[in-house]
Amino acid sequence: MSHAFDDQMILPGLGDSLGLNLREPPRSTHEHGVFFSAPSIDLDGYDRIVLCMSGGKDSIASLLHLLDEGVDPAAIELWHHDVDGREGSTLMDWPFMADYNRKLAQSFDLPLYFSWLEGGFEGEMCKENAHGRPHKVETPEGLITLERDTRRSKPGTRLKFPQVSASLQTRWCSSALKIDVGRRALNNQSRFDGKRVLFVTGERREESSNRAKYNQMEPHACDRRAGLKARHVDAWRPVLHWSEEQVWDALERYGVTAPVPYRLGWGRSSCMKCIFNDPTIWATLRHHFPGSLDAIAAYEQRFGTTIHRKKIPIKDLSRQAEPMAIQDAEALDQAMRTEYTLPVRSEPGAWGLPKGAYSRSGCGPS
Ligand code: SF4
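What you see is a predicted model; the values in this text were computed from it and never measured.

Chemist: How should the packing of aromatic side chains be read in this particular structure?
Modeler: Counting across every chain of the model gives 11 aromatic pairs. Both rings, one in W248 and one in Y262, keep their centres 5.2 Å apart while their planes meet at 90°; by these two values the pair is edge-to-face. Residue W248 is found in helix α6 (residues 244-253), and its partner Y262 is found in helix α7 (residues 260-264); the two are separated by 14 residues along the sequence. The buried category is assigned to W248, whose relative accessible area is 1%. Judged by relative accessible area, Y262 falls into the buried class, the value being 2%. Over the ring of Y46 we find R196; its NZ or CZ atom is 5.2 Å from the centre of that ring. The lysine or arginine in question, R345, covers the ring of F108, its NZ or CZ lying 4.1 Å from the ring centre.

Chemist: What am I meant to see in the nonpolar core here?
Modeler: If you look at soluble globular proteins, the nonpolar side chains tend to sit buried side by side. One finds I49, L78, Y100, F121, W236 and L251 to be the most contacted residues of the largest nonpolar core, which totals 82 residues. Three or more residues apiece are contributed to this core by two domains, here domain 1 (3-32 + 53-245) and domain 2 (263-335). Counting 13 residues, the second largest nonpolar core, distinct from the first, contains V50, C52, L146 and V197.

Chemist: Looking at this model, I keep getting lost on the environment of L228. Mind explaining?
Modeler: Here L228 lies in the loop between β7 (217-219) and β8 (232-236). The exposed category is assigned to L228, whose relative accessible area is 90%. When the C-alpha atoms of L228 and D193 are compared, they prove to be 8.9 Å apart, with 35 residues separating the residues in sequence.

Chemist: I'm lost on the pairing of strand β1 (residues 48-52) in this one. Help?
Modeler: For a regular strand, side-chain orientation follows a simple rule: the groups alternate between the two sheet faces. Counting buried positions along β1 gives 5 out of 5 residues, so the element sits mostly inside the fold. Covered by surrounding structure in β1 are R48, V50 and C52 together with I49 and L51, the residues of both alternating faces. Inspection of the sheet shows β1 paired to strand β6 (residues 196-200) by 4 bridges, in the parallel sense. Counterpart to R48 in the pairing with β6 is V197.

Rules behind the numbers
- Residues numbered from 1 in each chain as written.
- Predicted model: local features only at pLDDT ≥ 70, side-chain atom pairs only at ≥ 80, totals over all residues.
- Heavy atoms only, no water.
- Phe/Tyr/Trp six-rings, centres within 6.5 Å; stacked < 30°, edge-to-face > 60°.
- Helix = DSSP H or I, 4+ residues; strand = E, 2+ residues; numbered from the N terminus.
- Buried < 20%, exposed > 50% of the residue type's maximum accessible area, 1.4 Å probe, protein only.
- Lys NZ or Arg CZ within 6 Å of the ring centre and 35° of its normal.
- Core = buried A, V, L, I, M, F, W, Y, C linked by side-chain atoms within 4.5 Å.
- Domains from an automatic or database assignment.
- Pairing = 2+ DSSP bridges.

In short, shape yes, function no, at least from these values alone.
So, in structure tokens, the structure goes:
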């Protein structure tokens, strides 16, 4: 399906059903660098291309598209935001995710820089009358710690899970653990000053009605092209218009083995215990990884609020569906290990579509 078809047929229809006008690009401000549709751009015009690599199929497809477009790999660096931080929490994410990203980057011979909010998801959720904790950012010169400016913010309290919502205030995990971390990493590295930087992320319109409305290209929030630092930062979503079929085709062409969550049957690769998980996923976690829901259940008791928006306790939610059968024994064995030992790339002819491909089961935005 071409992006033109998306823009002319699918999106307007989607907009009608949502009461939105998507028949025209929302803003026709090309002179300001905002494009609703920008499937192809001049990639030679950038000094640095920063690609946010979650370890899921869409960010991998974004990387493969850059390579397909002939980008010099020397211009690309991968960034991965560790959702659980590096201070010992294991509450939310897949144990192998950090190492998987490391091995993925190695297989393409690309640098990978981790960054995270100190204490991760759990630390932020347990914030009680306290300021936000520092951000940690790996850079070519080493790890930097970015303290918070306590003069500009008041102490805050969370003591509850983020909730499923399009609003990033309510669904605070995406903003606190990923978006803010990425922004501070861009704002606090002088190597980007006076440079043209392309910031690449892997959202797709098909994923949600909210993402269907995203601009494909726009100045990034950290853009300071007219400022003292002369830092030009464009945000580009190269696979925004892609179908899921195009994504799997790209992974197959490059022999990138489907990441573990899809092999287990998940339709998306996000946090293992993502707030968007449906009862089938919670049931699958309870069944195949006994005890994996205990810490969340304990926080539900402590906070008096549930991870699920409808106030259904996690253990009850996990009993509302049958667990998925998992046939991929290798992926099942890998799932709870921190060291990633499976092949990242498949031998020619050995690539296979995973069980979770084209499945709606699982989870939502990351
Ligand atoms: S994957 Fe889910 S739980 Fe994790 S940060 Fe994104 S929305 Fe939050």
